[in-house]
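Per-entry structural report
These are the residues of each chain, in order.
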Amino acid sequence: MAYSEKVIDHYNEPRNVGSFEKNDEGVGTGLVGAPECGDVMKLQIKVEKDQIVDAKFKTFGCGSAIASSSLATEWVKGKSIDEAMSIQNTEIVEELSLPPVKIHCSVLAEDAIKAAISDYKNRKNSETSEG
Amino acid sequence: MSEEPSHSRCCERCGTELVSCLFCFDCSSLQPLSPSTNYFYALGIPDGFELDLTLLEEQFRQIAGELHPDFYMNSSSAEKKLSGRASTLLNQAYDNLKDSFKRATYLMRLKGKGLEWNERVLPPGFLEEMFSLQEELDAMLEKQDQPGLKRFQDLLDKRRRGLESGLIPLFRMLESVKELEVVLEQLQMKLNAERYLQSLLDRIQVEETT
Amino acid sequence: MTETIIGIDLGTTNSLSASVFEEGPEIIGTAQDACMVPSLLSRTGNGWLVGEEARARLISSPTNSVYSVKRLMGRGLEELEEEIRELPYQVEAAQRKLVKIRLGEESFTPQELSSVILSRIKEKAEKLLERTIEKAVITVPAYFDDAQRQATRDAGKIAGLDVVRIINEPTAAAIAYGLDEKKQGYVAVYDLGGGTFDISILELKGKLFKVVATHGDTRLGGDDIDRVLVTLFTQSLLDQYPNLDLEDPSSRQILRKTAEEVKIALSGSMEVEYILELPEKRIKHRGQLKADELSRQIEPLLKRTFDSCAKALSDAGLKHGDIDEVVLVGGSTLVPAVRKGVESFFGRTPHVAIDPYKVVAIGAAIQGHLLAGGRRDFLLLDVVPLALGIETLGGTFSKVITANTSLPAEESEVFTTHVDQQTSIEINIFQGERELVQDCRSLGRFKLRGIPPMKAGFPLVEVTFRVDSNGLLTVSAYEKRSGTEAQIEVIPSHGLTQMEIDAIMEASFEHAVDDFNQRQLIEFKQTAERVFRGIQMNWKIAEEILDEDQRFSIQKQMEIVKQKMTSEDSQILKAELDALGNLTRPLADSAMGRAVLEELQQQNP
């Protein structure tokens, strides 16, 4: 599937929409927003042994922000948290001419993943320091 | 960075001091455009956040009624072009000053030139609240809960107006304090919050029209 | 003296033209000979019959005849499915997203067909005003999008007219009304034309006319009322003749024509008796229809118009009571049920001082007069009717200029890439109010090429939309980091390229000859018939005064003329007709002499 088709597919049928219980073990939650448009995105990861085993999101706002969160959750699954931290869009594209994206949409998903990972790490650290 | 005094230019043709930098009403001539035209001066009104909307409207009508390209159809191509560009600018100035949040954004850009502040600042806990409001709205839209939506909309409108009136004291403060960045960040926070409220309101409106 | 820029109301059913005279703005011509052409066309040989002359052929030659072309302007086949099913002529897909109308062996774009009507208007105006006309202001429904406006402009161009401005029909009506009455305040213009419905709310303050809100339905109009009537007639026919097939073009035309007549008749009376005559089926069916029945049947249609009115009011932030005047435009507003509905919706009696048929053309002429430099005492501040923007990745529509922005307008927004090393960006231009581009109208596309490879999110692509005071849109793209600028090649998705327009214009020069030939042919045929009648009436005299050879040559020549009447070349017919004229001159002289003598005798008994 061409990359642009894949994105449209993720818009029409976003994958991984939903949420985990915030306080469950291994869950990291990232909540980010884009004041340019008033978009708000919640992205959660579930981590087992430093591997992201599942991801869920909910985004209110621009269509392309929704598509990119859907793509990001697909991408992040199965990655180690270190790999996910260095998220980069190195997709091989068949066709190099694509419509553009709004600037804030292009970073929202990335910010959300980073926020979720850092939330996960914070919770883990506080657990270890408490216990 | 030295700034050109925003409200004092004279007509290129007859030398009269201009009310609007776009047009001389004394000798009915289009004025050359400067690259950084002040919107307030374009409309010939005193600059500042608190403005007289009736005056804005009147000035716009007066100036638009002279500048418009329709009156320059048979003029030289240079004049034709100038009237088109000046009219575009006048429309932009009017659109940006008429709405208080756009006006605030414009003024902050003017006053904060060369300064830096956190442009993504939000009140503490605000994003969490917006997220849960969005979810609440989702549920109401799904149930087609019309009275609920109406209440929700009224509430958002009220908060928006609250933010709007909160801008006035901050702009007054901007005139008197040294630490401009602190005030600018406070202003920015209100403008950012407004956009989140607006995106909620937009969803209700889209629902109404479809 | 300022040059003349005429105003043209290019309507779905009728087109007419007005101009500003010393006494004020008025339809060009006189009541008996007005610059008005029914928007009907029929193809004959290589020429066109236009307006009234084409009307009979809608029934006699439905597959070669066209009406309601306006409904097809600037639209694609996929949007027209419903319309096409109703139309007796054939509409087919052409290159890009264009449609063409097939008439016999040839096919034409809606632009070309509209241009034929515009040419006729231009010719007629030139004859009546006794001067050449080069420029015009043409009106379109407020809800026409950019592609539909462009199509109208192109039609003008093909007809040899410089369309100096496209203005909205309701706006034109408001100009005509506002300047006539010197009124101020909020005016609602309710325009129910042949094929479209528009509601516009204008603010008249000082010398400025400003459109504050506009709404409408491009698929709702008087034709829909006709359709309701056609359904009623069909039902009534089927009740009596259960196995009747009414799907053939000729029956459909007859039903449609009767519907139009009944609708007009019902404007003046409470009940109308109608006759449906289908000669091919040997049916003559009588029926009656009460105005109340029509009102009941069109109620759902009217409700749709009032939903639009409510939206326009809410967009303008106004209440029903804030409207100072309601102006009616369009022939369908003559239907009493429509008037009653409008009155109860707005809570005030609509203004009807200016003929709703003429008001739009008159408003356009006033605007033309202003553009020609004839007056400076008012100004129409036009707005962008529907938001303009581009497609962003994922098929979403990103607005750059919002609806109701005053013209001329310019807005920019900065975008970026979503994929690393992307060297080319697709700028797809759309117009609409929906969130997905698939629900908006595509206006054109171009590529910004040659961006140096960068990480995703790094390029800064500034996209600028400019709409000038004519409503013409230009879009440019500029990558700020590399300084790459777009090679703008806007290909209108539903429009004609300059090359296509040029080709049509070239062909239409040839057609102009054909059209002239066609009209002469009709004229000469009529002359021939007159001459034949004259010869027959005077044959007794011929036997008296002409010798056998002379009579034989006349009869022989009459046969030749009859033969040439079926040919398509007017000049050959003319030559043979002239020859006949020469042969019959002795007869004509003496017949005339005799006629003169007889007349003298009658006067002096």
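On a predicted model such as this, the values are computed, not experimentally measured, just so you know.

A few points about the pattern of salt bridges
All names here are of chain C. In total, this model carries 43 salt bridges over all chains according to the counting rule given. In this structure, Arg 296 engages Glu 293 in a salt bridge whose closest nitrogen and oxygen atoms are separated by 2.3 Å. One end of the pair, Arg 296, and the other, Glu 293, are both in helix α8 (residues 291-316), three residues apart, so they sit about a helical turn from each other. Connected through salt bridges with shared partners, the residues Arg 71, Asp 223, Asp 224 and Arg 227 form a single ionic network.

Description of the interface of chain A and chain C
Taken together, the contacts link 24 residues of chain A with 31 residues of chain C. Roughly 2,300 Å² of surface becomes buried between chain A and chain C when both sides are summed, with 61% attributable to carbon and sulfur atoms. For the pair chain A and chain C, the number of links is zero salt bridges. Mapped by element, the contributors of at least two residues to the side of chain A that touches chain C are α1 (3-12), α2 (63-76), β4 (97-98), β5 (101-102) and α4 (103-130) of chain A. Counting residues per element, the side of chain A that touches chain C draws most heavily on α1 of chain A, which supplies five residues. Classifying every residue of the side of chain A that touches chain C by side-chain character gives twelve nonpolar, ten polar and two charged. Relative to strand β22 (residues 409-416) of chain C, β5 of chain A is paired through two bridges, and the arrangement is antiparallel. For Val 101 of chain A, the partnering residue across the bridge sits in β22 of chain C and is Thr 416 of chain C.

Considerations on the domain arrangement of chain B
On domain assignment, one finds that chain B holds domain 1 (23-98) and domain 2 (126-209). Taking only C-alpha atoms into account, the centre of domain 1 of chain B sits 32 Å from that of domain 2 of chain B.

Focus on the interface of chain B and chain A
One frequent convention defines the size of an interface as the accessible area lost when the parts assemble. Taken together, the contacts link 13 residues of chain B with 14 residues of chain A. Regarding the contact of chain B and chain A, the summed buried area is about 1,200 Å², with carbon and sulfur atoms giving 65% of it. The largest contributions to the chain B side of the interface with chain A come from Arg 120, Phe 131 and Tyr 196 of chain B, which together make up 49% of the buried area. In this assembly, chain B and chain A are joined by two salt bridges. Across the salt bridge formed by Asp 138 of chain B and Lys 58 of chain A, the nearest N and O atoms sit 3.2 Å from each other. The interface formed by chain B and chain A contains six residue pairs in polar contact (both at pLDDT 80 or more). When residues in the side of chain B that touches chain A are grouped by element, the largest group, six residues, is from helix α5 (residues 126-143) of chain B. Across the side of chain B that touches chain A, the residue classes break down as three nonpolar, three polar and seven charged.

Parameters and conventions
- Residues numbered from 1 in each chain as written.
- Chains lettered and ligands numbered in written order.
- Predicted model: local features only at pLDDT ≥ 70, side-chain atom pairs only at ≥ 80, totals over all residues.
- Heavy atoms only, no water.
- Salt bridge = Lys/Arg side-chain N within 4 Å of Asp/Glu carboxyl O.
- Helix = DSSP H or I, 4+ residues; strand = E, 2+ residues; numbered from the N terminus.
- Contact = heavy atoms within 4.5 Å.
- Buried area = accessible area lost by both parts, 1.4 Å probe.
- Nonpolar A, V, L, I, M, F, W, Y, C, P; charged D, E, K, R; others polar.
- Pairing = 2+ DSSP bridges.
- Domains from an automatic or database assignment.
- Polar contact = N/O pair within 3.5 Å; in protein donor to acceptor, adjacent residues only side chain to side chain.

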